[in-house]
Amino acid sequence: MRNDTDRMMDLARRALAHFQARTTDQADDIMRQPVAAYCDPARYAAETQRIFKRLPLALALSLELPEVGSWRATEMLGIPVLMVRGEDGRVRAFLNACRHRGAPVCPEGQGRGKSFTCPYHAWAYDTQGALVAVYGEHTFGEVDRASHGLLELPSAERLGLVWVALEADAAFDIDDWLGDFADELAHLDLENWHLFEQRDLAGPGWKVTWDGYLEAYHHNSLHGRTVGKYTIGNLLLHDVWGPHQRITFGRRSLAELVDQPESAWEPEKHVRLIHSVFPNLSFSGVVGDHLLVSQLFPGPTPATTLTRQTILAATPPESAEAAAASRLFSDMVLQAVRDEDYDMGFRIQAGLRAGGERDFLYGRNEPAVQHYHRMVAAFAETR
Ligand code: FES
Ligand SMILES: [Fe+2]
């Protein structure tokens, strides 16, 4: 892997060339897709089954599971998942369902403990999923504990993320899945941030929502008063690694580079990187020492989603100044996403109810949106 300065200098050069020519990376053609791809329930069921239930998904940051006994419980497509760091330091994922009669052994959310006691009849499991106590066993009858641990799901911890497949037979090799994109994610150094804040946002449907994470075409028009202030609208660099993508935006300060010799450049100040992991994870370095992590959870219908927004700060908010900077960043991305992107998305979603024979268009200046929809089609058909 080349060092980060070379990588960032390349990106700054490419962005500056587009800025000066008023151009952007482009796809070969305009792409069209019937709006049924956004709202047909049968298609939604088939696509989410083949994509979200069978591919590895990053369901937690390692930062959320810092110590032995740290756990995070969440739900994806109605499947309750429990991730926990065991005594041996390894994170495992389980179906959050008791082996007696299926109650979740812990509530959604996060915490830390030595064991999980089911709230229904008090069977207990350790941090590695083993059944360790059967309440009133002398009355219940003998249970073979070794074969009644929590059902384990395929998982791996890599690059500061906990990857999980939702179905027990969907084993994966995380290195194969990420390929060379792992080098890109390594640059994010995800183990070494401070988790400032996390929240869940209700959003419109999966594809309406995710499209907004993949282009710069809307930045001036929709985000002129928030994140758009910092970026050059309708300019992006597009790079792909299999299904995964990196999108690079130019910051407005790119203009300063026109008159500077390259030896004086500080390229990381003038571009903004977005790493988009297929199918539902985005890392966006909006300004300075903060990173916005967005995890998309498709809802029970094609019309709704939940987005988990995690705000990472380079340093803990130890001084009032650092705390204020993190607060400002967090509030700004909340406003941009909830009040601008999702407000627009809900209105788009409402219009989808009308149906009708029509297509959505993806411009040549929206190559990452095009790539995403091609990948959805490819995975939904072939897996
Ligand atoms: S369902 Fe968990 S102990 Fe009965
Ligand atoms: Fe947006």
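Residues numbered from 1 in each chain as written. Chains lettered and ligands numbered in written order. Predicted model: local features only at pLDDT ≥ 70, side-chain atom pairs only at ≥ 80, totals over all residues.

Considering the overall build of the protein chain
Piece 1. Helix and strand counts for the protein chain stand at 10 helices and 20 strands.
Piece 2. Relative to the compact-globule value of 21 Å for 383 residues, the protein chain shows a C-alpha radius of gyration of 22 Å, a close match.
Piece 3. A principal-axis box enclosing the C-alpha atoms of the protein chain has dimensions of 80 × 55 × 35 Å.
Piece 4. With 383 residues in all, the protein chain has 42% of them scored as buried. (Helix = DSSP H or I, 4+ residues; strand = E, 2+ residues; numbered from the N terminus. Rg over C-alpha atoms; globule rule 2.2 N^0.38 Å. Buried ≥ 20, exposed ≤ 12 C-beta atoms within 10 Å, placed from the backbone.)

Description of the domain arrangement of the protein chain
Piece 1. Per the domain assignment, the segments making up the protein chain are domain 1 (4-53 + 181-382) and domain 2 (57-171).
Piece 2. Facing 18 residues of domain 1, the contacting portion of domain 2 comprises 14 residues.
Piece 3. Broken down by secondary-structure element, the contributors of at least two residues to the side of domain 1 that touches domain 2 are helix H6 (181-188) and strand S18 (290-298).
Piece 4. Among the residues forming the side of domain 1 that touches domain 2, the class breakdown is 13 nonpolar, 3 polar and 2 charged. (Domains from an automatic or database assignment. Contact = placed C-beta atoms within 7 Å. Nonpolar A, V, L, I, M, F, W, Y, C, P; charged D, E, K, R; others polar.)

Focus on H6
Piece 1. Three or more residues of H6 are buried, namely Phe181, Glu184 and Leu185. Burial along H6 is one-sided: seen end-on, the buried residues are contained in an arc of 95°.
Piece 2. Residues of H6 that are buried make contact with helix H5 (174-178), strand S14 (231-241), strand S15 (244-251) and strand S16 (271-277).
Piece 3. Positive phi appears at aspartate 189, one or two residues downstream of H6, with a value of about 55°. (Arc of directions from axis to C-beta.)

A word on the sheet that holds strand S11 (residues 155-158)
Piece 1. If you trace the 3 strands from one edge of the open sheet to the other, you get S2-S12-S11, paired in antiparallel fashion. The sheet is open, and its two borders are formed by strand S2 (57-61) and S11, each paired with just one other strand. Looking at each pair of strands side by side, their axes are set apart by 30° on average, direction ignored.
Piece 2. Pairing of S2 with strand S12 (residues 161-164), which is carried by 4 bridges, proceeds in the antiparallel orientation. By the bridge assignment, leucine 61 is partnered in S12 with leucine 161. (Pairing = 2+ DSSP bridges. Axes fitted to C-alpha atoms, helices over the stretch in contact; angles between N-to-C directions.)

Some remarks on the sheet that holds S18
Piece 1. Within the open sheet, the 7 strands sit side by side as S13-S19-S18-S17-S16-S15-S14. Their pairing is antiparallel. The two strands at the open ends of the sheet, each matched to only one other strand, are strand S13 (194-203) and S14. The mean angle between the axes of side-by-side strands here comes to 20°, regardless of whether they run parallel or antiparallel.
Piece 2. Bridge analysis of S18 against strand S19 (residues 305-313) gives 9 bridges, and the strand direction is antiparallel. Along S19, the bridge assignment pairs proline 298 with threonine 305.

Considerations on the nonpolar core
Piece 1. With 89 residues, the main nonpolar core has Leu59, Val81, Leu82, Met83, Val162 and Val164 as its most contacted residues.
Piece 2. Each of two domains, domain 1 (4-53 + 181-382) and domain 2 (57-171), supplies a minimum of three residues to this core. (Core = buried A, V, L, I, M, F, W, Y, C linked by C-beta atoms within 7 Å.)

Examining unusual backbone geometry
Piece 1. Cis rather than trans, the peptide bond between phenylalanine 278 and proline 279 has omega equal to 5°.
Piece 2. Residue placement: proline 279 occurs in the loop between S16 and strand S17 (281-284).
Piece 3. Residue arginine 22 is not a glycine yet carries a positive backbone phi of 55°.
Piece 4. Tracing the sequence through the fold places arginine 22 in the loop between helix H1 (4-21) and strand S1 (31-34).
Piece 5. Taking the number of C-beta atoms within 10 Å as the measure of exposure, arginine 22 has 9 and is therefore exposed.
Piece 6. Although it is not a glycine, alanine 122 sits at a positive phi angle of roughly 70°.

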